Amino acid sequence: MNVAPLTDLVTDVKADAIVVARFENEPLDGPIAAADKALGGLISKMIEFQQTSGKYAELRTIFAPAGLSAKRLVLLGLGDRETFHQGRAMAACGAASRNLAAEKLDRVAFYLPNDLSNELAAAALCGALQGMQGQDLYRAEKKINPCGELLWAGDAEAIRIGAILGGSVNLTRRLVDEPPSAMYPETFAQIAETVAKDCGLEIEVWDQEKLTAEKCGSLLAVARGSVKPPRLVIMRYQGGPAGSAPLALVGKGVTFDSGGLSIKPTDGMKTMKCDMAGAATVLGAMQAIAQLKLPVNVVGLMGLVENLLDGDAYKLGDVLTARSGKTIEVLNTDAEGRLVLADVLNVALDEKPAHLIDLATLTGACVVALGTDTAGLMTNDQAWCDQVKTASHTCGEAAWQLPMFPEFGDQIKSEVADIKNVGAGRWGGAMTAAKFLEEFVDGVSWTHIDIAGPSFVEGEKTWTGGGATGAFVRTLVEVAAAQGRAS
């Protein structure tokens, strides 16, 4: 889909559809006032007779609008201006574009209020691009049809940023939505190599031989049950001063998780192609960071395995030796993501990062605690976690901090190894998993983001029909941008 700046007046643009947005309980102004005048006051009459209110994500369509060159006019409500933020901008415009994407349209134009900030406008464009990509990658008859050209009125820089963010979020979504027969460690790594080439990123891909030579025993154990060999992808972006300590982004990439010998039931396995969303989020963020040319050094690391079971699958009671030298007693093979991250975090330390963030669809316990829309944050550095929280708040992506009390660490002590890969019971599982990861960051400033809830939607929302959401790509980009501004 081509994204192009829009310079035509709302009355003159030739398009299959024009979307004109307005805030609730505000007088008509700018593009919507011009449209109302061209329509002989029709929009004002609709407001008077309570046929449109401007409430959040409200859509009202006028077909063959007399006085306009477009074939239809869509009125999009933005709700209350005081509560409007980037997340709501994204979702509102996503709702409008998703509604239009039910048909095959050549040209769609968006007009937002003239006084909207560039940050809000960029988030809105990102959402519009998300709304035109669905999870129906393999349907003969698509439910979602990207338009041929998306025209956007506004500042050129906001359009540039919004298009980059939208493309990167949609990259993450496509990776997660691909079936596991198509998306496995090797194919993910190949896509990462293409992204690196296109964006000028440095890349290393560690194959099984290299992982073995590097003594990544924890990650390799998880991969043993699959015929698909593991990969570790390392991408480097050098946008800051030479020698400046980078920001390290680490993603869990379990491309399919059966649970291993601790096998999941059928219903628990249906969406396990999404267990690589952490790695996909890192890749999407690295693409955006490079395309935006942010003035910061960033390294992205993605640990990629399948967790399946055959005669060589790792077993309950096994003791693994991680790359750091720490030994791990395995008491649940379905607690595999933390085993993958244990080695990837250790590799990240070789980059001498100033700060670490890892993202993972790590625990169902986090979803129990916070629901499906909110990510969990856990940290060893409150000041760093506060910066991550600020970025997520700026982007309108919900995150909530969970405690890291020492008692949770006591639960992962083992009698036969240094640590075990699960806590003492089912309670507090998100925190015991995070305490396990903390064992492998060696005191470096670190925040863990459990995205098990928001990374994948099984039902419909106004802005998506389900599937991968691309959650926290924008937050990672904002974190990197903030680091660049501070340096």
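Residues numbered from 1 in each chain as written. Predicted model: local features only at pLDDT ≥ 70, side-chain atom pairs only at ≥ 80, totals over all residues. Heavy atoms only, no water.

Trainee: Hey, could you run me through the UniProt feature "domain: Cytosol aminopeptidase" (unreviewed entry) in the protein in this one?
Mentor: Within this structure's numbering, the places UniProt gives as "domain: Cytosol aminopeptidase" (unreviewed entry) are residues 332-339. The span residues 332-339 shows a helical share of 38% and a strand share of 0%, and its end C-alpha atoms are spaced 11 Å apart. (UniProt positions renumbered as here; feature names shortened; annotations may be inferred. Helix = DSSP H or I, 4+ residues; strand = E, 2+ residues; numbered from the N terminus.)

Trainee: I would appreciate a short explanation of the pairing of strand S14 (residues 375-379) in the present structure.
Mentor: Both faces of the sheet carry side chains from a regular strand, because those side chains alternate between them. With five of five residues buried, S14 is to be regarded as a mostly interior element. Where S14 lies against strand S15 (residues 399-401), three bridges are found, and the strand directions are parallel. Within S15, the position partnered with Leu377 by the bridge is Gln401. Handedness of the S14-helix H13 (residues 382-395)-S15 crossover: right-handed. (Buried < 20%, exposed > 50% of the residue type's maximum accessible area, 1.4 Å probe, protein only. Pairing = 2+ DSSP bridges. Right-handed = clockwise from strand over helix to strand, strands pointing away.)

Trainee: Would you take a moment to explain the sheet that holds strand S16 (residues 419-420) for this structure?
Mentor: Strand order in this open sheet of three strands is S11-S12-S16, and the pairing throughout is mixed. Looking at the sheet topology across the chains shown, the edges are occupied by strand S11 (319-321) and S16.

Trainee: Please clarify how the packing of helix H5 (residues 156-177) against helix H16 (residues 473-486) should be interpreted in this entry.
Mentor: In helix packing, the relevant descriptors are the interaxial angle and the interaxial distance, both defined with respect to the helix axes. One can describe the packing of H5 onto H16 by two numbers: an axis separation of 9 Å at closest approach and a directional angle of 130 degrees. The orientation of H5 with respect to H16, classified from their angle, is oblique. On H16, the residues that touch Leu165, Ser168, Val169 and Thr172 of H5 are Val473, Arg474 and Val477. (Axes fitted to C-alpha atoms, helices over the stretch in contact; angles between N-to-C directions. Parallel < 35°, antiparallel > 145°, perpendicular 65-115°, else oblique. Contact = heavy atoms within 4.5 Å.)

Trainee: Please clarify how a nonpolar patch on the surface should be interpreted in this entry.
Mentor: Together, Leu261, Ile263, Leu309 and Leu316 give the surface a local cluster of nonpolar side chains, amounting to about 350 Å² of exposed area. With respect to the helices and strands, Leu261 occurs in the loop between strand S9 (247-257) and helix H9 (266-269). (Patch = residues over 30% accessible without salt bridge, like charges linked within 9 Å, V, L, I, M, F, W, Y side chains within 5 Å. Areas by Shrake-Rupley, 256 points an atom, 1.4 Å probe, with all protein chains shown as cover. Salt bridge = Lys/Arg side-chain N within 4 Å of Asp/Glu carboxyl O.)

Trainee: Is there a simple way to explain the pattern of salt bridges in this structure?
Mentor: Pairs can form between side chains of opposite charge once their charged atoms are near each other. Going through the model one piece at a time under the given rule, you end up with 28 salt bridges. The salt bridge involving Arg60 is made with Glu58; its shortest N-O contact spans 3.5 Å. With a closest N to O distance of 4.0 Å, Arg224 and Asp318 form a salt bridge. Here Asp318 lies in the loop between strand S10 (297-307) and S11 and Arg224 lies in the loop between helix H8 (217-223) and strand S8 (231-238), a separation of 94 residues in the sequence.

Trainee: Honestly, the UniProt feature "active site" (unreviewed entry) in the protein in this entry has me stumped. Any pointers?
Mentor: The sites that UniProt annotates as "active site" (unreviewed entry) are Lys264 and Arg338. In this fold, Lys264 is placed in the loop between S9 and H9. Judged by relative accessible area, Lys264 falls into the buried class, the value being 17%. What Lys264 contacts, discounting residues up to four positions off in sequence, is Asp257, Ser258, Gly259, Met269, Met272 and Asp334. Checked against the element boundaries, Arg338 lands in helix H11 (residues 337-349). Residue class for Arg338 comes out buried when judged on its relative accessible area of 8%.

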